[in-house]
Amino acid sequence: MSRFVLLILVLIGSLTAHATGEQVGAGFAGNANEPVHGWTISRDPDERDFVVIHVPPRRPTPGLSPMRASPDGAARGVVRLKAAPTSIASLGSTAYLTFEPTKADAPIPLMAVTAVRTSMGELWNYVPTGRLEARAAIPVTRSAVLSMMGTQSGLLALTQSRDAATNKAISLHLYRQGVWGDVTPALPTTFVTSETNAPRLIHAADGTATVGMKVGLTLEIWQARITTEAISSPAEPTGDSVPTLTSAPEKITLKSTAEWSKVLSTPWAESASPDLISFVASSTGNVVIASIPAHGQQPARLIRLDERGQTTIAQLEGIGSGFSTVPIADASRIVVLSPPIEAKTKTSSHSVTPTHTISEYSILSGRNWYTGPTRNPNPITGGDFRVVVAILIALMSMVLFVVIRPNKSPEAISLPEHASLAEPTRRFIAGLIDLAAAIIVGSRLAGVQFDDLFALSTWLSDQAVISVACIAGFGFVAGTVGEALTGRSLGKLLTGCEVVSITNREDPDLPFSAALIRNAIKWGLPPVAVLGLFDPSLRHKGDEFARSAVVIWNYPEEDDLGE
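Just so you know, these numbers come straight off a predicted model, no measurement behind them.

What counts, and at which threshold
Counting restarts for each chain: residues are numbered from 1 in the order of the written sequence. Restriction of local features to residues with pLDDT of at least 70 applies here, the model being predicted, together with a cutoff of 80 or more for giving and counting side-chain atom pairs; totals for whole chains, interfaces and linings are based on all residues. The basis for every side-chain value is the complete set of non-hydrogen atoms in the structure, without hydrogens or water. Helix and strand definitions follow DSSP, with helices as H or I runs of at least four residues and strands as E runs of at least two, each counted in order from the N terminus. A 1.4 Å probe rolled over the protein chains alone gives each residue an accessible area, and that area as a share of the maximum for its type sets the label: buried under 20%, exposed over 50%, partly exposed in between. Contacts are assigned to residue pairs with any non-hydrogen atoms lying within 4.5 Å of each other. The pairing criterion for strands is at least two bridges between them, as found by DSSP. Orientation is described by axes fitted as lines to C-alpha atoms, over the contacting stretch for helices, and by angles from 0 to 180 degrees between their N-to-C directions. Note on terminology: angles under 35 degrees are roughly parallel, angles over 145 are roughly antiparallel, angles of 65 to 115 are roughly perpendicular, and the others are oblique. Note that Gly is not counted as nonpolar here; it falls among the polar residues with everything else outside the nonpolar set of Ala, Val, Leu, Ile, Met, Phe, Trp, Tyr, Cys and Pro and the charged set of Asp, Glu, Lys and Arg. Centres within 6.5 Å are what make two rings of Phe, Tyr or Trp a pair, Trp counting through its six-membered ring; a difference in plane orientation under 30 degrees is then read as stacked, over 60 as edge-to-face, and the rest as tilted.

Let us now look at the overall build of the protein. Along its length, the protein carries 10 helices and 30 strands. Put simply, the protein has 563 residues, and 47% of those count as buried. By sequence separation, contacts in the protein at least 24 residues apart represent 60% of the contacts at least 6 residues apart.

The subject of this paragraph is the pairing of strand β7 (residues 94-98). For β7, a buried count of 5 out of 5 residues is recorded, marking the element as mostly surrounded by other parts of the structure. The alternating pattern of β7 places Thr94, Tyr96 and Thr98 on one face and Ala95 and Leu97 on the opposite face, and all of these are buried. Note that strand β6 (residues 87-91) and β7 share 5 bridges and pair antiparallel. Considered in β7, the bridge of Ile88 is made with Leu97. In this antiparallel pair of consecutive strands, β6 and β7, the connection spans 2 residues, and Gly92 shows a positive phi of 70°.

At a minimum axis distance of 13 Å, the contact between helix α3 (residues 424-446) and helix α7 (residues 512-524) shows a crossing angle of 75°. Judged by the angle between their axes, α3 and α7 are roughly perpendicular. Contacts between α3 and α7 pair Arg427, Asp434, Leu435 and Ala438 from the former with Arg518, Lys522 and Trp523 from the latter. When grouped by side-chain class, the residues that make up the contact of α3 with α7 number 3 nonpolar, no polar and 4 charged.

Looking at where Thr94 falls in the secondary structure, it is placed in strand β7. Contact partners of Thr94, with chain neighbours within four places excluded, come to Trp39, Ala89, Ala112, Val113 and Thr114.

Turning our attention to unusual backbone geometry. Residue Pro128 is reached from Val127 by a cis peptide bond, and omega for that bond is -5°. With respect to the secondary-structure elements, Pro128 resides in the loop between β9 (124-127) and β10 (133-138). Look at the link from Thr184 to Pro185: it is a cis peptide, with omega at -10°. For Pro185, the location among the structural elements is in the loop between β14 (179-184) and β15 (200-201).

Attention now goes to the packing of aromatic side chains. This structure, assessed with the given rule, holds 3 aromatic pairs. Centre to centre, the rings of Trp39 and Tyr126 are 6.4 Å apart; their planes meet at 80°, and the pair counts as edge-to-face. One end of the pair, Trp39, is in strand β3 (residues 38-43); the other, Tyr126, is in strand β9, with 87 residues separating them in the sequence. The pair Trp39 / Tyr126 is uniform in exposure class, with both members buried. Seen from their ring centres, Tyr175 and Trp180 are 4.9 Å apart, and the 40° between their planes marks the pair as tilted. Owing to a relative accessible area of 8%, Tyr175 belongs among the buried residues under this scheme. Overall, the relative accessible area of 10% leaves Trp180 in the buried class. Among the aromatic residues, those joined into a cluster by ring pairs are Tyr96, Tyr175 and Trp180.

Structural data, given as structure tokens:
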């Protein structure tokens, strides 16, 4: 059922949006058995909207079937934004984004979106659908986020005060289980920050807190072992609080300490500071990957840094200055997402990025795994397609031989006195009202927000089957009970029509069994009910099997009775 719904909707549209590279995002799996996700922010060619882009893992999640990994070059647009985030990082399959506060004294907003692998081939669903979810704001004011990263301890955010009175102090904050706490010391004591040499958190393959900064002609990399203690204390009472016998709520605070140690010091004579991407502890030594923006006619570069110095991994020919670099595949692969510099035309906000190119390189060997346009993996396998075709053929056969085939001897209808068959327009409006009520209530039962029902990604996920079942189930129950007790559903009540039995003119009330049969066909086979609007007898197959009809009452006026 879910795969049938999936194929129909895949033919209607595509999940991925288009954009051009702008910011860098990195992730940590959070678990040794989980693949690494990449996230980045991309700007539209019109330079107004931004798109959150998900680079799915290149290996499958263990224990799920089918065991398919995302192909090289796969990248998907997830959420469109009006404002550019100030930083992005991920922990597990969740991307975290920070934004500029709306007020100077307000904390820094934190938003999130989570990628959820479905069981239908290589397909990802995103929660919440088409938007970001608010998380606990970083509890600092008049500060800017320098960078974020996911670690074994939780989400780390490195911030710098904008207040000159604090000498632009740098702070390190840890987010864990919905609570923020400060980490001390925020940086190694030997670090001396400046306007041009700001420290930066680096994505680490093992999830260790890692920071790097240029110190003179040397690039230093430090790692920290963070120890965290959760402290519980009674919540502060408010003026309106009333003492109760129940236990008082607790306020959780995090107390974290960091033990910093230098793991790499390598020469760096470049005039520009590197954009540090990923730190990997390999058998050949500690490795840092840096991206260098293009200068004049020089192409952008990916550079591997180790104790021996610099090694150029790749020259990024044809790449503009706004490219994004993201580590994935256990941090051993770098993905470069960028718009070609010759692309000048605007792209549709609902299309996949045809003007984007994506390149993937191995950190350790420098091998180029893929270079070309971004790919959108087809979630339908060949076996899935054959099964769906067989289902479509079976449904078509049922329609041909059961629904469309006319009766050889039309049934004579005996309606109660003062009753006439309801016209198709009235019945159609009543059906729309019943469907709207079923969608509103059924979506709540399925745990899906009403707006998300109109998102394609919802119908491409396993949630589609649950949503359809809840909507049809509520419509069936409400219709059966309403028609059995009063002869009317909500739609029929509002449009002034009623379902009656045609088996007994003296007692036209619809039996419960007939209401059950009628609504089972109406909500179980909706096309059958729709075809009833075009039937000469103005009755669908549910009415025929239930021996019922939808009527309106035409009582004579009082003047006619007097005559």
